[in-house]
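Observations on the three-dimensional arrangement
So you can see what is in the structure, the chains are spelled out below.
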Amino acid sequence: MEKLIAQIKQGKVWPFPGGIHPPGQKTISNTQAITRLPLPGKLVVPLKQHIGANGQLIVDKGQQVLKGQALTKPIANWSVPVHAPTSGIINDICQMPSAHPSALPELSVIIEPDGQDQWCELAPVTTPSQLSHEQLIDIIHDRGIAGMGGAGFPTYIKADSRKAIEYFIVNAVECEPYITADDVLMREHAADIIAGIEIMQQLLTPTLTIVGIEDNKPEAIAAMQAAAEHNDKIIIQTVPTIYPSGGEKQLIKLLTNKEVPSGGIPADIGVLVQNVGTLFAVHQAVYEGKPLIERVITVTGNTIHKPGNVWALLGTEIKHLLDCQGFSPVPQQRVVMGGPMMGFTLPTVRIGVVKTTNCILAPDHDELAEPGPEKACIRCSACADACPASLLPQQLQWFAKSKEYDKLKEHNLFDCIECGACAYVCPSEIPLVQYYRVAKVEIKEQQAEQVKAERAKERFELRKQRLEREQEARQNRHKRKPAAEKSADEKQKIADALARVKNKPAKGDEKSAVAAAIARAKAKKQNQDTELEPDNSDVALERAARKEQARKYKEQKAASNTAADPDDKKSAVAAAIARAKAKKAAASESDNESTSAPADDKKAAVAAAIARAKAKKAAQAVSVENDNSESEVATASPADNKKAAVAAAIARAKAKKAAPAVSVENDDAESEITTASPADDKKAAVAAAIARAKAKKAAKAEQAASVENDNSESEVTTASPADNKKAAVAAAIARAKAKKLQQEGSDQ
Amino acid sequence: MTLFYALIALGSLALIFGLILGFAAVRFRVQSNPIVEQIDTILPQTQCGQCGYPGCRPYAEAIANGDEINKCPPGGDATVKKLADLMGVDAKPLAGGEQAEPIKTVAYIREDECIGCTKCIQACPVDAIVGATRQMHTVLIDECTGCDLCVEPCPVDCIDMLPVETTKQTWKWQLDAIPVTQID
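Every value quoted in this text rests on a predicted model; they were computed, and no experiment measured them.

With that out of the way, let us pick up the UniProt feature "binding site: [4Fe-4S] cluster 1" (unreviewed entry) in chain A. Residues and elements named next belong to chain A. The UniProt entry lists Cys377, Cys380, Cys383 and Cys426 under the feature "binding site: [4Fe-4S] cluster 1" (unreviewed entry), expressed in the numbering used here. These annotated residues cover 50 residues of sequence, and their C-alpha atoms lie no more than 10.7 Å from one another, placing them together at a single site. Tracing the chain through its elements places Cys377 in the loop between strand 16 (359-361) and helix 9 (382-386). Among all residues touching Cys377, those that are not within four sequence positions of it are Gln394, Gln397, Ser428 and Ile430.

Pasting the structure below:
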């Protein structure tokens, strides 16, 4: 290590492989001092000007801001605030085209300067050596400093490196043609830059600080050497002019003979690199308290009248820069942000300057020709010779074209620094870098998708597990429990439920009939404790109670709707609904019984039939006199399943008949009501329809029950299937009749 | 007699090598990834069921049992190609004439039209929709796989499948575009 330091101090550099020598074109812009632009008409400050997350907006539309006032505050990791470049009013906060080849919109604060250029209160520090590490990091963070060399990496993260730094390298190479921003900055502000370097030395405590400057900037080298004379830990190293010696990895190799491992960062080998512009910003932030709100930008190219370097406020539109320097565009003028090698053509000149903008190049067609059409690769291998990362550009190109991403990764595509040397030397004008860039994006996308797919899979599996769990829980609820476990508390539950039902304000007879039927069923169930039975009795009770409530609510609603006393018709409708409901409840009860306890089938069915009949009776009693149906039901009650089913069908039909009959009768008797409220007729028809549907359902259930009970029959063994059919036919006839009657009723 | 020695020598050699190989087979056994797992990692895990199977894993199992490899529209041609490589069969175009490069979409609920029926929540295979009964529902864009399964059950048709927005991270140069130049 001592040997290495000695070699470095002797001025030894270790050339990296490859590299090219494009014409510098630097003298166009580096002969004049940095000028200051007049205030632009508006400033567009994007919230994100660095690598990492946005800060959180802390200003509002219409708010007055002072120069240097923070517009955002950092929230997540790697977020860096932005500041107002001048005093003025925030006109708008909206999506604006960003400084990116795609110009995809980016949330930006638009400030209209008030011309005062009034600073907010600054907190300069005269002796940073007295500040603690954390305080200095906070200052660098709060002043919004991000790498100004091109990538925009948040400086506070680099300055807070957890790994020990041996060599702190200051990148003042500026190898890209045309750009002279760092050159002139060093000439004019060498002392400030050295002060910035000393702050970083305080933070990082490196063994050695090396400032790398290309030998085509003798004035800058002289200025820096003079400024750094007092600090023997700073070495100003002159490096040969070759593109891309300004690349981070290339510069490390050049100055220290160390190589950054593939996929690693310089800190892994104890090296940290900062751009010279960033260090000037650090000086401004600490000694002057000024946040990063302006930077030096080279405005150059043959179409610019006064090419040179300017201090531009961040957010200044490119158009303003061009206009101030005198701009006479040629047809199909291109304006490039960055240099000719790594820069990109701007889709529009109404884009604001950001922290990473170092050059605006407005060339005419002679100095920067449009790339011609891509021709076939002639395998000259000039690209491989030029590649500073020792990759195989030709190979990569084939793989990128055929989208063989695995192969690209094998050939270390991600070590490509996108310097463009390969494309520059390519005689076939193949846009090699462009291919690599697209491939890189696609690989990254694929990796992101892979991660997303993994997560989706995990979530899908978890959901499946959850559904299974839920289903199991549901099944457990219905699972048969051993009879022994039942008994005491189970019985208590049933008794409670019964009490609940009974305690409910008895409103109609039908309800008590339902309750009675249920009670009977329950009693039967309790008698046979040895049987394994599904424990859904209380659920059924609750359901019945709920239904009751719903029905009551409906009634109330109907009553309030018509705002009249429940007349005969309405009561008939209600009765029909109640009947149907009772039937259904009873049917489900009997169904339940017949399936779970076959021994009890008959009794249950009979009980159900009785309950049904009773319910019907009650309903009819409420509605009007319909005695014959009652007698029918009475005859039906003598217990046998088939008969019960048939009787039920008949009773149903009768009941059905009764309901419209009632309405017909009422029509005759109270013609005023009918004429006054034709809507009631319709209601009755609807109710009848509902009752019909319900009856159909009940009939089906009963048929099923009766089929099951066939074998246990003794009395009607002669023609049981025929009976079944008969019942169905009877039901059908009854339905048809009911329909007819109802039609007549509505006709009247 | 020499023949006998030769037989013994060869036989014992065979026995020794057999024992070594047998031991190595047990001791240094490499647990290879079951084919179903490998297929499953290639599939896009949208769980959309467009292949006719209830999820990606069932389809992976079906492929392992000899089903066609071109039934995954969200995966597109890339997935078919990878599956063909893995299974050692020829890649073929997607069944049903689906697009070779599917457009990635995510579900978007027009929230003022949502009635809070929770039907989409039940349909979502990756639980990417949050909401409650009679409350507005919304999609977690980062979790949505764009499977379309929530669109059908929605009773008020308030779910749109929107293409995923391009960000600076996903934006690509259009290299195959023909440059348009204006002739004055």
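Read on, since the account is not over.
This paragraph deals with the sheet that holds strand 8 (residues 167-172) of chain A. Residues and elements named next belong to chain A. An order of 10-9-8-11 is seen for the 4 strands of this open sheet, with the pairing classed as parallel. Taken across any chain shown, the strands that pair with only one partner, and hence form the sheet edges, are strand 10 (234-239) and strand 11 (271-275). The sheet shows a mean angle of 25° between the axes of neighbouring strands, direction not considered. Looking at chain direction, strand 9 (residues 208-214) and strand 10 are connected through 6 bridges and run parallel. Within strand 10, the position partnered with Ile210 by the bridge is Ile235. Sheet contacts for helix 4 (residues 181-204): strand 8, strand 9, strand 10 and strand 11; angle to strand 8, the most-contacted strand, approximately 160°.

Here we take up the UniProt feature "transmembrane region" (unreviewed entry) in chain B. This chain's UniProt record puts "transmembrane region" (unreviewed entry) on residues 6-26 of chain B. Helix makes up 100% of residues 6-26 of chain B and strand 0%. Its end C-alpha atoms lie 30 Å apart.

This paragraph deals with the nonpolar core. Core analysis: the biggest nonpolar cluster contains 125 residues, and Ile169, Met224, Ile297, Ile360 and Cys422 of chain A have the highest contact counts within it. When residues of this core are assigned to domains, at least three map to each of domain 1 (2-361) and domain 2 (371-474) of chain A. Ala456 of chain A together with Cys120, Leu149 and Cys154 of chain B belong to the second-largest nonpolar core, a separate cluster that totals 16 residues.

On to the UniProt feature "binding site: [4Fe-4S] cluster 2" (unreviewed entry) in chain A, then. All names here are of chain A. Taking the UniProt record as the reference, the feature "binding site: [4Fe-4S] cluster 2" (unreviewed entry) is found at Cys387, Cys416, Cys419 and Cys422. Of the residues just listed, which span 36 residues, no C-alpha pair is farther apart than 10.7 Å, and they cluster in one region. Turning to its location among the elements, Cys387 is positioned in the loop between helix 9 and helix 10 (393-401). Look past the residues within four positions of Cys387 in its chain and what remains in contact with it is Gly18, Pro393, Ala421 and Cys422. The residue Cys422 is located in helix 12 (residues 421-425) in this model. If we skip the residues at most four places from it in the chain, Cys422 touches Cys383, Ala386, Cys387, Pro393, Leu432 and Val433.

What follows covers the UniProt feature "binding site: [4Fe-4S] cluster 2" (unreviewed entry) in chain B. Residue and element names in this part refer to chain B. Following the UniProt record, the feature "binding site: [4Fe-4S] cluster 2" (unreviewed entry) maps to Cys114, Cys117, Cys120 and Cys154 here. For the residues just named, distributed over 41 residues, the greatest C-alpha separation is only 10.4 Å, placing them together at one site. Inspection of the secondary structure assignment puts Cys114 in the loop between strand 1 (105-109) and helix 5 (119-123). Under the C-beta neighbour-count criterion, Cys114 is labelled partly exposed, with 19 such atoms within 10 Å. When residues no more than four places from it in sequence are discounted, the contact partners of Cys114 are Ile109, Met136, His137 and Cys158. Within the element layout of this structure, Cys117 appears in the loop between strand 1 and helix 5.

Attention now goes to the interface of chain B and chain A. With 21 residues of chain B at the contact, the number on the chain A side is 18 residues. Here the side of chain B that touches chain A is built from residues that sort into 6 nonpolar, 10 polar and 5 charged.

Within an α-helix, residues lying three or four positions from one another point in the same direction, as the helix has 3.6 residues per turn. Residues and elements named next belong to chain A. Every buried residue of helix 5 (residues 218-227) is accounted for by Ala220, Ile221, Ala223, Met224 and Ala227. Down the axis of helix 5, the sector holding all buried residues measures 165°, keeping them to one side. Tucked into the core, helix 5 has its buried residues touching strand 8, helix 4, strand 9 and strand 10.

Here we take up the packing of helix 2 (residues 35-42) of chain B against helix 3 (residues 56-64) of chain B. Axes are the key here: two packed helices are described by the angle between their axes and the distance separating the axes. All names here are of chain B. The contact between helix 2 and helix 3 brings their axes to 8 Å, and the two run at 130°. Taken as axis vectors, helix 2 and helix 3 run oblique relative to one another. Like other packed secondary-structure pairs, helix 2 and helix 3 cross with a definite hand, here right-handed. Along the contact surface, helix 2 presents Ile35, Val36, Ile39 and Asp40, while helix 3 presents Cys56, Arg57, Ala60, Glu61, Ile63 and Ala64. For the contact of helix 2 with helix 3, the class distribution of residues is 7 nonpolar, no polar and 3 charged.

Residue and element names in this part refer to chain A. Pairing within the open sheet is mixed, and its 6 strands lie in the order 1-13-12-16-14-15. The sheet is open, and its two edges are formed by strand 1 (35-36) and strand 15 (344-345), each paired on a single side. Bridge analysis of strand 12 (residues 294-300) against strand 13 (residues 308-313) gives 6 bridges, and the strand direction is antiparallel. Residue pairing across strands places Val299 opposite Gly308, the latter belonging to strand 13. With respect to the sheet, helix 4 is in contact with strand 12, strand 13 and strand 16, its orientation differing from that of strand 12 by roughly 125°.

Rules used in this analysis
- Residues numbered from 1 in each chain as written.
- Chains lettered and ligands numbered in written order.
- Predicted model: local features only at pLDDT ≥ 70, side-chain atom pairs only at ≥ 80, totals over all residues.
- UniProt positions renumbered as here; feature names shortened; annotations may be inferred.
- Helix = DSSP H or I, 4+ residues; strand = E, 2+ residues; numbered from the N terminus.
- Contact = placed C-beta atoms within 7 Å.
- Pairing = 2+ DSSP bridges.
- Axes fitted to C-alpha atoms, helices over the stretch in contact; angles between N-to-C directions.
- Core = buried A, V, L, I, M, F, W, Y, C linked by C-beta atoms within 7 Å.
- Buried ≥ 20, exposed ≤ 12 C-beta atoms within 10 Å, placed from the backbone.
- Domains from an automatic or database assignment.
- Nonpolar A, V, L, I, M, F, W, Y, C, P; charged D, E, K, R; others polar.
- Arc of directions from axis to C-beta.
- Parallel < 35°, antiparallel > 145°, perpendicular 65-115°, else oblique.
- Left-handed = near helix turned anticlockwise from the far one by under 90°.

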